Amino acid sequence: LTVKSKYLHFDEPIWYRDSKDNSKVKFSNNKKTIAVYDVTPANTLSHYAWTKRALYINDPKNVIKFYEDILFLQDKYNFNLIIKFKKNDRDKDDEIYKKIFSRLDLDNNNIILIHSNKSPIKVNENANAIISYPFTSAAYFNSRNLPSIYYDPIGLIDHNKQINFGVSLIGNLNKLEEWIKKV
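From a predicted model like this one, the values you see are computed outputs, not experimental measurements. Numbering of residues starts from 1 in each chain and follows the order in which that chain's sequence is written. Thresholds applied to this predicted model are a pLDDT of at least 70 for local features of residues and 80 or more for the giving and counting of side-chain atom pairs; totals over whole chains, interfaces and linings are not thresholded and use all residues. To get the side-chain values, all heavy atoms of the structure are used, and hydrogens and water are removed first.

Engineer: Help me get a handle on the overall build of the protein, residues and values and all.
Structural biologist: Counting its regular elements, the protein contains five helices and six strands. Strands are runs of DSSP state E lasting at least 2 residues, helices are runs of H or I lasting at least 4, and numbering of each runs from the N terminus. In the protein, the order of α-helices and β-strands from amino to carboxyl end is β-α-α-β-α-β-α-β-β-β-α. For each residue, the accessible area found with a 1.4 Å probe, counting protein chains only, is set against the maximum for its type, and the residue is called buried under 20%, exposed over 50%, and partly exposed in between. In the protein, which comprises 183 residues, the proportion classed as buried is 45%. Every residue pair with non-hydrogen atoms within 4.5 Å of one another is taken to be in contact. For the protein, the proportion of contacts with a sequence separation of at least 24, taken over those separated by at least 6, is 68%. Residue-level accessible areas treat just the shown protein chains as cover; the underlying method is Shrake-Rupley with a 1.4 Å probe. Of the accessible surface of the protein, which amounts to about 11100 Å², a share of 51% is contributed by carbon and sulfur atoms.

Right, dumping it as structure tokens:
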């Protein structure tokens, strides 16, 4: 290290992308709003997971269960959802996402689907809480200190053996429901 470089400066994360579109990110109602962040499920025919964790995280069945549970609770408690997709090329056209979103009424004004190029900072400005699929960075890059959790829909991840960056891990639908009722 040189004298000039021996000091580190920590600052807010630099989001490497943000769309120029002005798509809606805010609801016109006063209901609780939860931002949801996913991972891109892998096509099992073209993806080889090197670890058990990678196999779990990118498994389409787990991503589908993640959404099914959240959408079930959204229907039950009538809160707003801002859903931000992880990858452009996997947005709503992917077969995995079609299974999840084909039955949604996106005109119900309680769900907004956000293109992956929208900064999580802008999304979180309009949210009251954050639910993230393990282990997306949006959960801990949370400058407003919103209630934020990782949701493991099948309870496979051992929270004692993972580095969660201070974000709680919820591993079943009942615990997720209790958390949502509190936020």
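Moving on, there is more to tell.
Engineer: Talk me through the nonpolar core; I want residue IDs and the actual numbers.
Structural biologist: One recurring pattern in soluble globular proteins is that nonpolar side chains are buried together. Definition used in this section: a nonpolar core is a set of buried Ala, Val, Leu, Ile, Met, Phe, Trp, Tyr and Cys residues joined via side-chain atoms within 4.5 Å. In this structure, Y67, L81, I83, I131 and L176 are the most contacted members of the largest nonpolar core, which totals 27 residues. Looking at this core, the elements with two or more residues in it are β1 (33-37), α2 (60-77), β2 (80-84), α3 (95-101), β3 (111-114), β4 (129-132), β5 (148-151) and α5 (173-182). Of all the elements, α2 adds the most residues to this core, at seven residues. For L176, the contacting residues outside a window of four places in its chain are I70, L73, I131, I149, Y151 and I170. Counting 12 residues, the second-largest nonpolar core is a separate cluster that includes A35, I82, I114 and A127.

Engineer: Residue-level account of unusual backbone geometry, with values.
Structural biologist: Excluding glycine, residues mostly carry a negative phi; peptide bonds, for their part, are mostly trans. A positive phi angle, near 55 degrees, is found at N78, a position not held by glycine. Structurally, N78 is set in the loop between α2 and β2. Unusually for a residue other than glycine, N145 sits at a positive phi of about 55 degrees. When you line up the elements, N145 lands in the loop between β4 and β5.

Engineer: Which residues make up the confidence of the model for the protein, and what are the values?
Structural biologist: Mean pLDDT for the protein: 76, with 62% of residues reaching 70 or above. Mean pLDDT values for the elements of the protein range from 63 in helix α1 (residues 52-57) up to 97 in α5. How sure the predictor is of each residue is captured by pLDDT, a score from 0 to 100.

Engineer: If you had to explain α2 to someone new, which residues and values would you point to?
Structural biologist: What a helix is expected to span follows from its residue count: subtract one and scale by 1.5 Å. In this model α2 runs 26 Å from its N-terminal to its C-terminal C-alpha over 18 residues, within 8% of the 26 Å that 1.5 Å per residue would give. Taken residue by residue, α2 has P60, N62, V63, I64, F66, Y67, D69, I70, L71, L73 and Q74 as its buried positions.

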